[in-house]
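Residue-level structural notes
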Amino acid sequence: MPPAEAGGAGAQTLFISDLHLSPAAPAVTRRFGEFLAGPARAAAALYILGDLFDYWAGDDDLDDPFNARIAAALAEFAAAGVAVHFLPGNRDFLVGPGFAAATGLTLLAEPCVRAIAGTPVLLLHGDTLCTDDADYQAFRAQVRAPAWRAAFLARPLAERKALIAELRARSESEKQVKPAAIMDANAGAVAAALRVHGVATLIHGHTHRQGSHAHDVDGRACRRWVLGDWGADRASVLACGPDGWHFLAT
Ligand code: MN
């Protein structure tokens, strides 16, 4: 059985992703702070499945006042007794051991299978499922190569931030012309992931399309939970507890 949370009887495990925290969106930051200070306190564990930050230039950017504030809130939350796990997304894949040490969270690497309420569950950010977007997958393969990562992190922080801003501007303009369908999870990729890992439950974010989907994989009934993004007026929190799986009313 894969690793599981200890947690008290009745405690929930919570899943969030795609908050895209940045100084440009103070309402979301406030909402996240309220979430950590409020309902999440009673959880046994919190899983953050990527894109917590709108971008992460490297752990040496923890001195930035905004980043320091988020890290402090997470550290305080983890110290209060909730096991926090972080699986990086496409925006914050440069989060590393420095961030983990500053916050007290555990870094997870994709693909990751964890026992949640006694059931093995596959956790992904979700971008690897968007296989119809060939250009993105080529870009992803490039930037996730260990040599690229090491070379990028060796550059001065200011230079990294400038490059990231440039990449984001390009990605935003490309998104305007990409059909919405190619930016969603590919059904074949979903089935393949469920098959390879031999699990019946998958949780991911990235597509910002909160939902719950049934998949038949070789005659096995599987369930895919998709976490939504957060905004000034909304949060997306999936909970697993004694009463089963559901999105919290937020
Ligand atoms: Mn993403």
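Residues numbered from 1 in each chain as written. Predicted model: local features only at pLDDT ≥ 70, side-chain atom pairs only at ≥ 80, totals over all residues. Heavy atoms only, no water.

**Looking at the coordination of the manganese ion**
Our working rule: For Na, K and Ca the donor cut-off is 3.2 Å, while for other metals it is 2.8 Å, and in both cases only N, O and S atoms qualify; water is not among them, so sites may look incomplete. Working definition: helices are DSSP H or I runs of at least four residues, strands are E runs of at least two. Numbering for both runs from the N terminus. For each residue, the accessible area found with a 1.4 Å probe, counting protein chains only, is set against the maximum for its type, and the residue is called buried under 20%, exposed over 50%, and partly exposed in between.
At this site the manganese ion is bound by Asp51 (OD), Asn90 (OD1), His125 (NE2) and His206 (ND1), with donor distances of 2.1 to 2.2 Å. Within one chain, the residues serving as donors to the manganese ion are arranged as D-x38-N-x34-H-x80-H. Of this pair, Asp51 sits in the loop between strand S2 (45-48) and helix H2 (65-79) while His206 sits in the loop between strand S7 (201-204) and strand S8 (211-217), placing them 155 residues apart in sequence. The pair Asp51 / His206 is uniform in exposure class, with both members buried.

**Section: the pairing of S7**
Heads up, the condition is: Two strands form a pair only when DSSP identifies at least two bridges running between them.
Of the two faces of S7, both are covered, the one formed by Thr201 and Ile203 as well as the one formed by Leu202 and His204. Here strand S6 (residues 119-123) pairs with S7 via 3 bridges, running parallel. Residue pairing in the sheet places Leu122 in a bridge with Leu202 of S7.

**Some remarks on the sheet that holds S6**
So the rule is basically this: Here, axes are lines fitted to C-alpha atoms. For helices the fit covers the stretch in contact, and angles between N-to-C directions go from 0 to 180 degrees. Contacts: residue pairs with any heavy atoms within 4.5 Å of one another.
Strand order in the open sheet formed by 5 strands is S5-S6-S7-S9-S8, and the pairing between neighbours is mixed. Because the sheet does not close on itself, it has two edges, and the strands there are strand S5 (112-116) and S8. Adjacent strand axes in the sheet meet at a mean angle of 30°, parallel and antiparallel pairs treated alike. Contacts from helix H7 (residues 187-197) reach S5, S6, S7, S8 and strand S9 (220-226), with the element oriented near 65° to S8.

**As for the side chain of Thr13**
The residue Thr13 is located in strand S1 (residues 13-16) in this model. Taking relative accessible area as the criterion, Thr13 reaches 8% and is therefore assigned buried.

**Side note on the layout of surface pockets**
Test applied: Computed over the protein atoms alone on a 1 Å grid, cavities are sets of points where a 1.4 Å probe fits but cannot get out and pockets are open sets with protein on both sides within 12 Å along at least five of seven lines; a residue lines them when it has an atom within 4 Å of a point. Grid points are joined across faces, edges and corners, and a volume is the space filled by probe spheres set on the points. The nonpolar class holds Ala, Val, Leu, Ile, Met, Phe, Trp, Tyr, Cys and Pro. Asp, Glu, Lys and Arg form the charged class, and all remaining residues, Gly among them, are polar.
Taken as a whole, the largest pocket encloses approximately 860 Å³ of empty space. Every residue lining the largest pocket is counted, 35 residues in all, and those nearest its centre are Asn90, Arg91, Tyr136, Phe139 and Ser171. Counting residues per element, the ones that place at least two in the lining of the largest pocket are helix H4 (134-143), helix H5 (146-153) and helix H6 (157-177). For the lining of the largest pocket, the element with the highest residue contribution is H6, accounting for 8 residues. Each residue belonging to the lining of the largest pocket can be placed in one class, and the counts come to 14 nonpolar, 6 polar and 15 charged. By volume, the second largest pocket amounts to about 370 Å³. Sort the elements by how many residues they give to the lining of the second largest pocket and H7 lands first, with 3 residues. Looking at side-chain class alone, the lining of the second largest pocket contains 15 nonpolar, 3 polar and 4 charged residues.

**So, the side chain of Asp51**
Filter applied, for reference: Neither His nor the chain ends is counted toward charge; the positive residues are Lys and Arg and the negative residues Asp and Glu. One speaks of a salt bridge when a side-chain nitrogen belonging to Lys or Arg is within 4 Å of a carboxyl oxygen belonging to Asp or Glu. Whenever a nitrogen or oxygen atom comes within 3.5 Å of another N or O atom, the pair is scored as a polar contact, on the condition that within protein one atom can donate a hydrogen and the other can accept it, and that pairs from neighbouring residues in sequence are kept only if both atoms are in side chains.
Summary of buried charges: Asp51 has no salt-bridge partner, and the nearest side chain of opposite charge, Arg91, is 4.7 Å away. For Asp51, the side chain forms a polar contact with the side chain of His125, separated by 3.2 Å. Apart from the residues within four sequence positions on either side, Asp51 is in contact with Asp18, Leu19, His20, Gly89, Asn90, Arg91, Asp92, His125 and His206.

**Examining the packing of aromatic side chains**
Stated formally: Centre distance within 6.5 Å is the pairing criterion for rings of Phe, Tyr and Trp, where only the six-membered ring of Trp is used; planes under 30 degrees apart are then read as stacked, over 60 as edge-to-face, and the remainder as tilted.
Under the criterion given, the structure shown has 13 aromatic pairs. Ring geometry for Phe15 against Trp245: centres 5.8 Å apart, planes inclined by 25°, an arrangement best described as stacked. Taken together, the positions of Phe15 in strand S1 and Trp245 in strand S11 (residues 244-247) put the pair 230 residues apart, joining distant regions of the chain. Taking the relative accessible area as the measure of exposure, Trp245 reaches 25% and is therefore partly exposed. Three or more aromatic residues joined by ring pairs form one cluster here, namely Phe15, Tyr47, Trp225, Trp245 and Phe247.

**Here's the deal with the environment of Val143**
Following the sequence through the fold, Val143 ends up in helix H4. Between the alpha carbons of Val143 and Phe35 there is a distance of 32 Å; along the sequence they are 108 residues apart. With sequence-adjacent residues up to four places away left out, Val143 is seen in contact with Phe93, Trp148 and Arg149.

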